[in-house]
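# Tertiary structure, described
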Amino acid sequence: MLGKMIIATTITLLSGCATLIEGSTQNLTVSTMNDVKPEKTLCNITNEEGNWQTTGGNTSTVVHRDGNTMTVSCENDSQRGIAHLEPSFSSYYFIVDTLSCGVGLFVDATTNAFYTYPPTAIVGMHNKFNAPTEPPKPVVFDIPKLSPSK
C-alpha cells in the first residue's frame, strides 16, 4: 500500500499541473464574418506547433497550445481574410508548479500547457480581387488658427 502511495506521489510531482488539467491541446472555433461562400471557404490555422485546416462559417477544431502568435487565414474563390491570435499565459499553474519542487514546471513548459488561445478566431472576409493590399492611411488636416477680428 505504501509503495502505491509513493508511486502516485512521484507521478504527481513529476507531472505538470497545467498539463494534467488543461492538456497540451485546446478547442478553437473559427468564425468567418461577411463570408459569401462559407461552404467553400477553407481556413488554415498555423502556429509553431503545427498546421490545421477547417472549413469557414462557424466550425471547431483541436489545436496545440503554444506561446507564440497563431495565424488563421481563410480563403474561398472570391474572398480571403486573416486573423492573428495572441496566447495568454496562466501564472496560476506556473506558481503551483514552482511551489511543488519545480519538476512540473519542465513538463508544462514542454507541453505549452501554460498558454491558452482565445476560444474563437473571428476572420473578416474581404473581396480578394478589389481589396487594398494595405489599410488606408488616415487623412490629417491642418486647421488654421483664426485670430479675433479687431
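The paragraphs below set out a description of the structure included in this document. Throughout, residues of each chain are indexed from 1 in the direction in which the sequence is written. Side-chain atom pairs in this predicted model are given and counted only at pLDDT of 80 or more, local residue features only at pLDDT of at least 70, and totals for whole chains, interfaces and linings cover all residues. Calculation of side-chain values draws on the structure's entire complement of heavy atoms; hydrogens and water are dropped beforehand.

## Focus on the sheet that holds strand S10 (residues 126–127)
Spatial strand order, S3-S2-S5-S6-S10: 5 strands in an open sheet with antiparallel pairing. The sheet is open, and its two edges are formed by strand S3 (50–55) and S10, each paired on a single side. Strands were regarded as paired on the criterion that DSSP finds at least two bridges between them. Helical segments are the DSSP runs of H or I of at least four residues, strand segments are the runs of E of at least two, and each set is numbered from the N terminus. The pairing of strand S6 (residues 79–85) with S10 spans 2 bridges and is antiparallel. The residue bridging Arg 80 from the neighbouring strand is His 126, located in S10.

## Regarding the environment of Asn 44
Relative to the helices and strands, Asn 44 is located in strand S2 (residues 42–47). Burial classes follow relative accessibility: with a 1.4 Å probe on protein chains only, a residue under 20% of its type's maximum area counts as buried, one over 50% as exposed, and anything between as partly exposed. On the basis of relative accessible area, Asn 44 is assigned to the partly exposed category, the value being 29%. Distance in space between the C-alpha atoms of Asn 44 and Thr 54 is 6.8 Å, their sequence separation being 10 residues. Whether two residues are in contact is decided by their heavy atoms: any pair within 4.5 Å suffices. With residues near it in sequence (within four places) discarded, Asn 44 still touches Trp 52, Gln 53, Thr 71, Val 72 and Ser 73. Among the polar contacts made by the side chain of Asn 44, one reaches the side chain of Gln 53 at a distance of 2.8 Å. Nitrogen and oxygen atoms within 3.5 Å of one another constitute a polar contact, given that in protein one can donate a hydrogen and the other can accept it, and given that sequence-neighbouring residues count only through two side-chain atoms.

## A few points about unusual backbone geometry
The phi dihedral of Asn 34 falls on the positive side, at around 60 degrees, and the residue is not glycine. You can see Asn 34 is positioned in the loop between strand S1 (25–33) and S2.

## Focus on the sheet that holds strand S9 (residues 120–124)
Taken in spatial order, the 3 strands of this open sheet run S4-S1-S9, and their pairing is mixed. Of all the strands in the sheet, just strand S4 (58–64) and S9 have a single pairing partner and so form its edges. With strand direction ignored, the average angle separating the axes of adjacent strands in the sheet is 30 degrees. Note on geometry: axes are C-alpha line fits, over the in-contact stretch for helices, and angles between N-to-C directions span 0 to 180 degrees.

## Points about the pattern of salt bridges
Salt-bridge detection follows one rule: a side-chain nitrogen of Lys or Arg within 4 Å of a carboxyl oxygen of Asp or Glu. The full count for this structure, using the stated rule, is 2 salt bridges. Between Lys 37 and Asp 77 there is a salt bridge; the shortest N-O distance is 3.0 Å. Residue Lys 37 is located in the loop between S1 and S2, and its partner Asp 77 is located in the loop between strand S5 (70–75) and S6; the two are separated by 40 residues in the primary sequence. We classify Lys 37 as partly exposed; its relative accessible area is 26%. One salt bridge in this structure joins Lys 128 and Glu 75, with 2.6 Å as the shortest N-O distance. Highlighted residues: Lys 128 in the segment after S10 and Glu 75 in strand S5, separated in sequence by 53 residues. Using a relative accessible area of 38% as the deciding quantity, one classes Glu 75 as partly exposed.

## Remarks on the nonpolar core
If you look at the biggest cluster of nonpolar residues, it comprises 15 residues, and the most contacted ones within it are Leu 28, Val 30, Ile 45, Met 70 and Val 72. The element that contributes the greatest number of residues to this core is S5, accounting for 3 residues. If near-sequence neighbours (up to four positions away) are discounted, Val 30 is found in contact with Cys 43, Ile 45, Thr 54, Gly 57, Asn 58, Thr 59, Val 72, Cys 74, Ala 121 and Val 123. Residues belong to a common nonpolar core when they are buried Ala, Val, Leu, Ile, Met, Phe, Trp, Tyr or Cys residues joined through side-chain atoms within 4.5 Å.

## Digging into the state of the cysteines
In plain terms, two cysteine sulfur atoms within 2.5 Å form what is called a disulfide here. Taken as a whole and judged by the stated rule, the model has 1 disulfide. Between the sulfur of Cys 43 and that of Cys 74 lies a disulfide, 2.1 Å long from S to S. In this structure, the disulfide formed by Cys 43 and Cys 74 twists by about 110 degrees around the S-S bond and is classed as right-handed. Highlighted residues: Cys 43 in strand S2 and Cys 74 in strand S5, separated in sequence by 31 residues. Judged by relative accessible area, which is 2%, Cys 74 ranks as buried.

Limitation: the analysis is restricted to geometry and does not speak to function.
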